[in-house]
Amino acid sequence: MSRLTKIIVGLIVAVVVLVVAAVALFILTHDDAPEAVDLETTVARIEAAETADETAEPSATESTGDGADEPIATESAEGTGSDDASTAGADGTAADEGATDATSAETDIETASTDATIDAPAGLAGVWTVQVADNPGDLQGEPAVSFAGFRVDEVLNNIGDFTAVGRTAKVSGSIELSDTALVAATVEVQMGTLATDSSFRDGRIYRALNTNEFPLAVFTLVEPVELPAGMADGEAFSGSAQGDLTIKGVTNRVAFDLQAQLLGDRIVVVGSSEVIFSDFGVTAPTAPIVVSVEDNGIMEFQLIFTR
């Protein structure tokens, strides 16, 4: 081997070592992988986010100027037609009283109707749509928005075990409920927007999933899911949902472990299912720093639905 060849080979080896070291340093300086989805944690985050938003909003009862809170002046009855009032006949007085009574009765009916509408339970029946966040923020942190993704275990050279978590807020879909069951559900995920804590890893994931040709992963419910009787009153649900999951153009039957709860006017749902990547024609991506990647991983989601 000539001296020039040795120098070139040495430079290539040095570059590879630097790349591996840089990737290792990037991974080591990042926080641990985010925790798996959990209903109780998700509900607490959403409530905390709402409280923060309410605190930041200005009070609607603040005065807008001098006298803004004063009642609107009404025309005084004194000195305006008092002579006419004193000369009015008894029939006129009775007519006025009758009109007043009729108006009062109509008002009472309208008020009762409004109260009944407010007090009537909304129930669960209807179609609920995924609430998509315009600015989802850091999905590797503690997101209180809709997202879907995966987690898979890796073994990294000279580092050890590491859990890679990819997530995206680019989700859409809907569920249909009766008052007692989940009767239909479809959720779509834009796989080409999945992001982990490393853009280096992300590119390899897109190639493994062939997101240019198969941009969507789709889950479709195939069997109704019975809901607890108290769910409309805020009782949490825990169970399983059977459905068809399509990834990279391949469809398999899967079961997702579900948790759900009605929170105000929204339904919060979290779920996860273990999948084998090779069942969907996906080969786990590799890299110089990666010793091995599991062929199985967890598909997970956190979805907020509105009606």
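What you see is a predicted model; the values in this text were computed from it and never measured.

### What about the packing of aromatic side chains?
Item 1. Enumeration according to the criterion identifies 2 aromatic pairs in this entry.
Item 2. Ring geometry for Phe 219 versus Phe 256: centroids 5.1 Å apart, planes at 80°, classification edge-to-face. Of this pair, Phe 219 sits in strand β6 (residues 216-221) while Phe 256 sits in strand β9 (residues 250-263); the two residues are 37 residues apart in sequence, bridging distant segments of the chain. Accessibility classification places Phe 219 together with Phe 256 in one group, the buried group.
Item 3. Arranged with centres 5.4 Å apart and planes meeting at 50°, the rings of Phe 256 and Phe 301 form a pair that is tilted. Residue Phe 256 is located in strand β9, and its partner Phe 301 is located in strand β12 (residues 296-306); the two are separated by 45 residues in the primary sequence. Comparing Phe 256 with Phe 301, the two get one shared label, buried.

### Observations concerning unusual backbone geometry
Item 1. In the Ramachandran plot, Asn 210 falls in the positive-phi region, its phi being about 50° despite a non-glycine side chain.
Item 2. As for its placement among the helices and strands, Asn 210 is situated in the loop between α5 (199-209) and β6.
Item 3. What makes Asn 210 partly exposed here is its relative accessible area of 26%.
Item 4. Positive phi, normally seen in glycine, also occurs at Lys 248, with a value near 55°.
Item 5. Within the secondary structure, Lys 248 sits in the loop between β8 (237-247) and β9.

### Thoughts on the nonpolar core
Item 1. Leu 177, Ile 247, Ile 267 and Phe 305 are the most contacted members of the largest nonpolar core, which totals 44 residues.
Item 2. Top element by residues in this core is β9. It accounts for 5 residues.
Item 3. Ile 267 has contacts with Trp 128, Leu 177, Met 231, Gln 261, Leu 262, Leu 303, Ile 304 and Phe 305, leaving out every residue within four places of it along the chain.
Item 4. Counting 12 residues, the second largest nonpolar core, distinct from the first, contains Leu 39, Ile 46, Leu 139 and Val 145.

Rules used throughout
- Residues numbered from 1 in each chain as written.
- Predicted model: local features only at pLDDT ≥ 70, side-chain atom pairs only at ≥ 80, totals over all residues.
- Heavy atoms only, no water.
- Phe/Tyr/Trp six-rings, centres within 6.5 Å; stacked < 30°, edge-to-face > 60°.
- Helix = DSSP H or I, 4+ residues; strand = E, 2+ residues; numbered from the N terminus.
- Buried < 20%, exposed > 50% of the residue type's maximum accessible area, 1.4 Å probe, protein only.
- Core = buried A, V, L, I, M, F, W, Y, C linked by side-chain atoms within 4.5 Å.
- Contact = heavy atoms within 4.5 Å.

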